[in-house]
Amino acid sequence: MNLYKITFSPTGGTQRAADRLVEGLGGECTAIDLTDSRFQFSSLAFTPEDIAVIAVPSYGGRVPAPAIQRLGTMNGKGARAILVCVYGNRAYEDTLAELEDTAVLAGFHVIAAVAALAEHSIIRRYAAGRPDVEDEKQLQTFAQKIQEKLAAGDETKPNIPGNRPYKKYGGVGMVPKPTKDCTSCGLCAQKCPVQAIDLADPRQTDKETCISCMRCVSICPQSARKVSSVMLTAAELALKKVCSDRKEGELFL
Ligand SMILES: Cc1cc2nc3c(=O)[nH]c(=O)nc-3n(C[C@H](O)[C@H](O)[C@H](O)COP(=O)(O)O)c2cc1C
């Protein structure tokens, strides 16, 4: 039996939640990075004995499109999947349902699902500092319960929330731009999950391709990529009411 940790985590929040869950499941795992646009995901060879933790962030209550596309090229061969959706304290709506459908189509057998919290990757003041100590404890407990289900040989499908058809998502329309501090080092272009930044001229971004994931903003060594502060303030105000109460993680077995 191999344990896989398959994550799409542009700014690290999804990764942190997945790491805590995987630690609780035994730790030793093969990590697969769904943000790596050059990797051949179809080359992975799963077996029915394997366990795959598949973790994605929620974007507008949906799974980010490149994660869907890359998961869709895998052949799960009946490997058992633990789905994880990580969101920034607004809502995750149809993310887990869409992830479930994608995993099943790719040949995985879904046995558990988790909704977890991480700092909002666009509006950092929401869910700031999460996953925190409480979240980490909760993820450990979730891992224990999943272990118990596995040990009991229970492979039933969990009741995962979400609507079909899924909520419509048209993007958030926030394309980060370089500031005067940009040195054109090209790190953002190399690490962009959708190759939206020109490798030859990193000051150029393809607006249509950009998914507003904020990877470039979070990794720039000069802190020289930003989204419009006007748009950011407007989004912060619009989300204030729904994002201000503390949401808690959930486990579906
Ligand atoms: C484009 C975009 C859309 C998002 N939409 C939502 C959302 O609908 N609900 C929510 O609670 N958080 C939302 N978030 C916040 C992320 O789900 C959350 O911060 C997640 O932890 C980001 O994952 P990462 O740190 O692995 O990149 C959104 C973030 C981005 C970049």
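Conventions we followed
Residues numbered from 1 in each chain as written. Predicted model: local features only at pLDDT ≥ 70, side-chain atom pairs only at ≥ 80, totals over all residues. Heavy atoms only, no water. Core = buried A, V, L, I, M, F, W, Y, C linked by side-chain atoms within 4.5 Å. Buried < 20%, exposed > 50% of the residue type's maximum accessible area, 1.4 Å probe, protein only. Helix = DSSP H or I, 4+ residues; strand = E, 2+ residues; numbered from the N terminus. Contact = heavy atoms within 4.5 Å. Pairing = 2+ DSSP bridges. Right-handed = clockwise from strand over helix to strand, strands pointing away. Near = heavy atom within 4 Å. Polar contact = N/O pair within 3.5 Å; in protein donor to acceptor, adjacent residues only side chain to side chain. Areas by Shrake-Rupley, 256 points an atom, 1.4 Å probe, with all protein chains shown as cover. Nonpolar A, V, L, I, M, F, W, Y, C, P; charged D, E, K, R; others polar. Domains from an automatic or database assignment. Phe/Tyr/Trp six-rings, centres within 6.5 Å; stacked < 30°, edge-to-face > 60°. Axes fitted to C-alpha atoms, helices over the stretch in contact; angles between N-to-C directions. Parallel < 35°, antiparallel > 145°, perpendicular 65-115°, else oblique. Left-handed = near helix turned anticlockwise from the far one by under 90°. Salt bridge = Lys/Arg side-chain N within 4 Å of Asp/Glu carboxyl O.

Draft legend 1. Structural view of the nonpolar core. One finds Ile-6, Ile-54, Met-74, Leu-83, Leu-96 and Phe-108 to be the most contacted residues of the largest nonpolar core, which totals 34 residues. When contributions to this core are tallied by element, the ones reaching two or more residues are strand S1 (3–7), strand S3 (51–57), helix H2 (65–71), strand S4 (80–87), helix H3 (95–105) and strand S5 (109–117). Not counting residues within four places of it along the chain, the set of residues in contact with Ile-54 comprises Ile-6, Leu-71, Ala-81, Ile-82, Leu-83, Val-84, Leu-99, Ala-103 and Phe-108. Listed in part, the 22 residues of the second largest apolar core include Ile-51, Ile-82, Val-86 and Ile-111.

Draft legend 2. A look at the pairing of S3. Among the seven residues in S3, seven count as buried, and that is most of the element. Pairing analysis gives five bridges linking S1 to S3, with the strands arranged parallel. In the sheet register, Lys-5 faces S3, and the bridge partner there is Val-53. Inspection of the sheet shows S3 paired to S4 by seven bridges, in the parallel sense. Following the sheet pairing, Pro-57 is matched in S4 by Val-86. Taken together, S3, H2 and S4 form a β-α-β motif whose crossover is right-handed.

Draft legend 3. Here's a closer look at the site of the ligand. Around the ligand, 27 residues are found, and the nearest of them are Ser-9, Thr-11, Gly-13, Thr-14 and Glu-119. Thr-11 places a polar side-chain atom, nitrogen or oxygen, 2.6 Å from an oxygen atom of the ligand. Within the backbone of Gly-12, an N or O atom sits 3.4 Å from an oxygen atom of the ligand. In the complex, 98% of the free accessible area of the ligand, which totals 640 Å², lies under the protein chains. Only helix H1 (13–24) and S4 provide two or more residues apiece to the shell around the ligand. Per-class residue counts for the shell around the ligand are twelve nonpolar, 13 polar and two charged. Structurally, the shell around the ligand is a two-domain feature, drawing no fewer than three residues from each of domain 1 (3–165) and domain 2 (177–242).

Draft legend 4. Layout of the packing of aromatic side chains. Taken as a whole and judged by the stated rule, the model has four aromatic pairs. Considering the side-chain rings of Tyr-4 and Phe-46, the 4.7 Å spacing of their centres and the 65 degrees angle between planes classify their relative orientation as edge-to-face. Highlighted residues: Tyr-4 in strand S1 and Phe-46 in the loop between strand S2 (30–33) and S3, separated in sequence by 42 residues. The structure contains a cluster of three or more aromatic residues connected by ring pairs, namely Tyr-4, Phe-46 and Phe-108.

Draft legend 5. Representation of the sheet that holds S5 in the model. Across the sheet, six strands lie side by side as S2-S1-S3-S4-S5-S8; this open sheet has mixed pairing. With partners counted over all chains shown, the strands left at the sheet margins are S2 and strand S8 (250–252), one partner each. Direction aside, the axes of adjacent strands within the sheet are offset by 15 degrees on average. Strand direction decides the pairing type here: S4 and S5, joined by eight bridges, are parallel. By the bridge assignment, Leu-83 is partnered in S5 with Ala-113. Relative to the sheet, helix H4 (residues 133–151) contacts S3, S4, S5 and S8, its axis offset from that of S5 by approximately 170 degrees.

Draft legend 6. Quick peek at the packing of H1 against H4. Look at H1 against H4: their axes get within 8 Å of each other, and the N-to-C directions meet at 45 degrees. When the axes of H1 and H4 are compared, the pair comes out oblique. Between H1 and H4 the crossing geometry is right-handed. In this structure, H1 contributes Ala-17, Arg-20, Leu-21, Glu-23 and Gly-24 to the contact, and H4 contributes Glu-136, Leu-139, Gln-140, Phe-142, Ala-143 and Gln-147. Along the lines of polarity and charge, the residues of the contact of H1 with H4 split into five nonpolar, three polar and three charged.

Draft legend 7. Summary view of the pattern of salt bridges. In the structure shown here, the tally under the stated rule is 20 salt bridges. One salt bridge connects Glu-93 with Arg-90, and the closest N-O pair in it is separated by 2.6 Å. Taking relative accessible area as the criterion, Glu-93 reaches 29% and is therefore assigned partly exposed. Residue classification places Arg-90 among the partly exposed positions, given a relative accessible area of 24%. Residue Glu-100 is joined to Lys-157 by a salt bridge in which the shortest nitrogen-to-oxygen separation is 2.9 Å. Here the residue Glu-100 occupies a position in helix H3, and Lys-157 occupies one in the loop between H4 and strand S6 (177–178), the gap between them amounting to 57 residues. Classification of Glu-100 by relative accessible area gives buried; the value is 6%.

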